[in-house]
Amino acid sequence: KGKEFEPKYIKSRPDIPAGSFQISKSILDKSIKEEVCILANDAAQDDRFSGAESIMTMNLRSVMCAPLVYQGEVLGVIYLDNREKPNCFDENDVALLSAMANQSAVAIDNSHLYDDLQKAYHEAILALLNTVEAKDPYTRGHSQRTSRYALGIAQEMGLDEEECKRIKTAAELHDIGKIGVRERIIDKASALSTMEFHSIQAHVLTGENILKPIEYLSFVLPMVRGHHEHYGDTGYPDGLKGEKIPLGARILGVADAFDAMTTQRPYNKPVSFKDAMKKLKAQKGKQFDSDVVEALDHFLKQSYSVTPEEIQMPKTHTDLEPSTEKKSRKKDTKKK
Ligand SMILES: [Fe+2]
C-alpha cells in the first residue's frame, strides 16, 4: 500500500552476517497486499512465486510469513525461512505464527498510543513552562539551554540513555515553580530582602507540588526539589550534602548555574563561557560536584570550541545545538 518495510529485528544463524540478510520481496509483498499468512513448503517449486528471481537467488526453500494487521493497517510482518531444507514448517506452525502476529500488532499499536500520550503530556507541560518564561523575559529559553547542558553532562558521565532522557526532562521543568514567585521579585535588580529570598527559594517546593499529580513525571521530583542543594555547602530546601543529593539534581545545579552566569539577568551581566567555567571550577566540592563540573567542561570543549583552552560563548541561541561533526569527534573515554 505504498509503504516501504525494512527489517527491524533479524535473528539468523551465526554463520550469516545480520547485515547481509535479505528476505523475499515477492513473498513479503503478497503477504502485505493480501493481508494473508503464507506457507511455502518449497518456495523454489511453488507456483505462486514461480519466476521470482529473489527466491532463486537466495535459494529459499521453506518459508512462512504472517502480516501484523491492526484495524485494517499492516504494521509489519513476521517472516521465517530455511534456505537448505524444504517442509520445515506446517499448518500448526503457521497458526501459531498468525496468533503471535495478531498479539504483536496489538502490542505495537498500544506502544504507539503510549508514545503519543507521553508526547502530548510533555507538550502540555512545556506550554505551562512557557507561561513561566513569559513572566520573566530574562530567563526566556533558560529551561531549554539548561536541558541542553544537563543532557551533555549526563552523556559525558556515561549515564544510560533512559537516565539521560529523564535528566533532560527534569532540566526542562526544574524552574516551573517560579510561576509562584511574584514578578517584581524575579525582576528585581537590587539585593533581595530575607522574605524575598525565601520566596525565591520556595520555587523548588512549588515546582515539586505542581508536578506531583503527574505520575509519569514522578522521576523529576527529586531533581526539581534538589537542584539548589550544595555538594559541600548548605543549599536548600533540605540542606543535603554530597552523594545524598540525587545525581540528577547535582547535574541540574551545575547546568542551571552555568546558564544563569552566561545570560543576561536583572542582577548580573553575562560572562563568557570560559569565565563561567572558571567560577564553576572554583566551587568544585563546595557548591558543586567536581565530577559534574568536569563533565560540563568536557562537554563544552567538545561541542562549542576548537581549542580546549578557549571556550567561546555562542553568538546566538541557535548556535547552542552542537554540530554532529564535532560530536562525532568525541572521545570514548566516559567518566563513570
Ligand atoms: Fe531554580
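As annotated in an unreviewed UniProt entry, the protein is HD-GYP domain-containing protein from marine sediment metagenome.

For the protein, the helix and strand inventory stands at 13 helices and 3 strands. Taking all 336 residues of the protein together, 41% fall into the buried category.

Bringing the coordination of the iron ion into the picture now. Within the protein, the iron ion binds to Asp175 (OD), His203 (NE2), His227 (NE2) and His228 (NE2); these donor distances fall in the range 2.2 to 2.3 Å. Counting residues between consecutive donors of the iron ion along the chain gives the motif D-x27-H-x23-H-H. Remark: His228 occurs in the loop between helix H9 (221–226) and helix H10 (247–262) and Asp175 occurs in the loop between helix H5 (161–173) and helix H6 (183–186); sequence separation between them is 53 residues. Accessibility assignment for this pair places Asp175 and His228 in one class, buried.

Let us now look at the sheet that holds strand S1 (residues 38–40). The 3 strands lie next to each other as S1-S2-S3, forming an open sheet whose pairing is antiparallel. Because the sheet does not close on itself, it has two edges, and the strands there are S1 and strand S3 (73–82). Taken pair by pair, the neighbouring strands of this sheet meet at an average axis angle of 10°, ignoring direction. Packing of helix H3 (residues 91–135) onto the sheet brings it into contact with S1, strand S2 (62–70) and S3, and relative to S2 it is tilted by some 30°.

The space that makes up the second largest pocket amounts to roughly 820 Å³. If you go around the second largest pocket, you meet 38 residues; those closest to its centre are His228, Tyr236, Ala260, Arg265 and Tyr267. By residue number, the principal contributor to the lining of the second largest pocket is H10, which donates 8 residues.

On to the pattern of salt bridges. Per the counting criterion, the structure on display carries 18 salt bridges. The salt bridge involving Glu162 is made with Arg166; its shortest N-O contact spans 4.0 Å. Placement of the pair is Glu162 and Arg166 together in helix H5, with a separation of 4 residues, close to one helical turn. Among the residues examined, Arg166 registers a relative accessible area of 32% and is labelled partly exposed.

Turning next to the packing of aromatic side chains. Tallied over the full model, the rule gives 4 aromatic pairs. With a centroid separation of 6.4 Å and 80° between ring planes, the pair formed by Tyr149 and Phe273 is classed as edge-to-face. With Tyr149 in helix H4 (residues 142–156) and Phe273 in helix H11 (residues 273–282), this pair connects stretches of sequence that are 124 residues apart. When sorted by exposure, Tyr149 lands in the same class as Phe273, which is buried. Ring centres of Phe258 and Phe273 lie 4.8 Å apart, and the angle between their planes is 75°; on these two criteria the pair is classed as edge-to-face. Separated by 15 residues along the polypeptide, Phe258 in helix H10 and Phe273 in helix H11 bring together distant segments of the chain. For Phe258, a relative accessible area of 0% gives the class buried.

Glancing now at the pairing of S3. Sheet analysis places S2 next to S3, joined by 9 bridges and oriented antiparallel. Across the sheet, residue Met64 finds its bridge partner in S3, namely Leu80. Hairpin connection from S2 to S3: 2 residues lie between these consecutive antiparallel strands, with Gln71 at a positive phi of about 50°.

Okay, the side chain of Glu208 next. Secondary-structure assignment places Glu208 in helix H8 (residues 203–211). With relative accessibility at 11%, the residue Glu208 sits in the buried group. When residues no more than four places from it in sequence are discounted, the contact partners of Glu208 are Leu221, Val224 and Arg225.

Bringing the nonpolar core into the picture now. Core analysis: the biggest nonpolar cluster contains 42 residues, and Tyr149, Ile153, Leu211, Phe258, Leu280, Leu296 and Leu300 have the highest contact counts within it. In this view, Ile153 contacts Ile251, Val254, Ala255, Val292, Ala295 and Leu296; residues no more than four positions away in its chain are not counted. Judged by nonpolar contacts, the second largest core, of 12 residues, contains Ala40, Ile55, Val63 and Tyr79.

With that settled, the discussion passes to unusual backbone geometry. Keep in mind that most residues, glycine aside, have a negative phi and that most peptide bonds are trans. Here the bond from Tyr236 into Pro237 is cis, since omega is 10°, no more than 30 degrees from zero. Mapping Pro237 onto the fold places it in the loop between H9 and H10. Phi is positive for Gln71, which is not a glycine, with a value near 50°. Tracing the backbone shows Gln71 in the loop between S2 and S3. Phi angles above zero are rare outside glycine, and Asn87 is one such case at about 60°. In this structure, Asn87 sits in the loop between S3 and H3. On the basis of relative accessible area, Asn87 is assigned to the exposed category, the value being 54%.

Predicted coordinates in regions of low pLDDT should not be interpreted in detail. Confidence in the prediction for the protein averages 84 pLDDT; 87% of positions are at 70 or higher. Averaged over each element, pLDDT in the protein is lowest for helix H13 (residues 324–328) (36) and highest for H9 (97). Below pLDDT 50 for its whole length, residues 306–336 participates in 51 contacts with residues either more than four positions away or in separate chains.

About the cut-offs
- Residues numbered from 1 in each chain as written.
- Predicted model: local features only at pLDDT ≥ 70, side-chain atom pairs only at ≥ 80, totals over all residues.
- Heavy atoms only, no water.
- Helix = DSSP H or I, 4+ residues; strand = E, 2+ residues; numbered from the N terminus.
- Buried < 20%, exposed > 50% of the residue type's maximum accessible area, 1.4 Å probe, protein only.
- Donors = N, O, S within 2.8 Å, 3.2 Å for Na, K, Ca; no water.
- Pairing = 2+ DSSP bridges.
- Axes fitted to C-alpha atoms, helices over the stretch in contact; angles between N-to-C directions.
- Contact = heavy atoms within 4.5 Å.
- 1 Å grid on protein atoms, 1.4 Å probe; cavity = no way out; pocket = protein on both sides within 12 Å on 5 of 7 lines; lining within 4 Å.
- Points joined across faces, edges and corners; volume = space filled by probe spheres on them.
- Salt bridge = Lys/Arg side-chain N within 4 Å of Asp/Glu carboxyl O.
- Phe/Tyr/Trp six-rings, centres within 6.5 Å; stacked < 30°, edge-to-face > 60°.
- Core = buried A, V, L, I, M, F, W, Y, C linked by side-chain atoms within 4.5 Å.
- pLDDT = per-residue confidence, 0-100.

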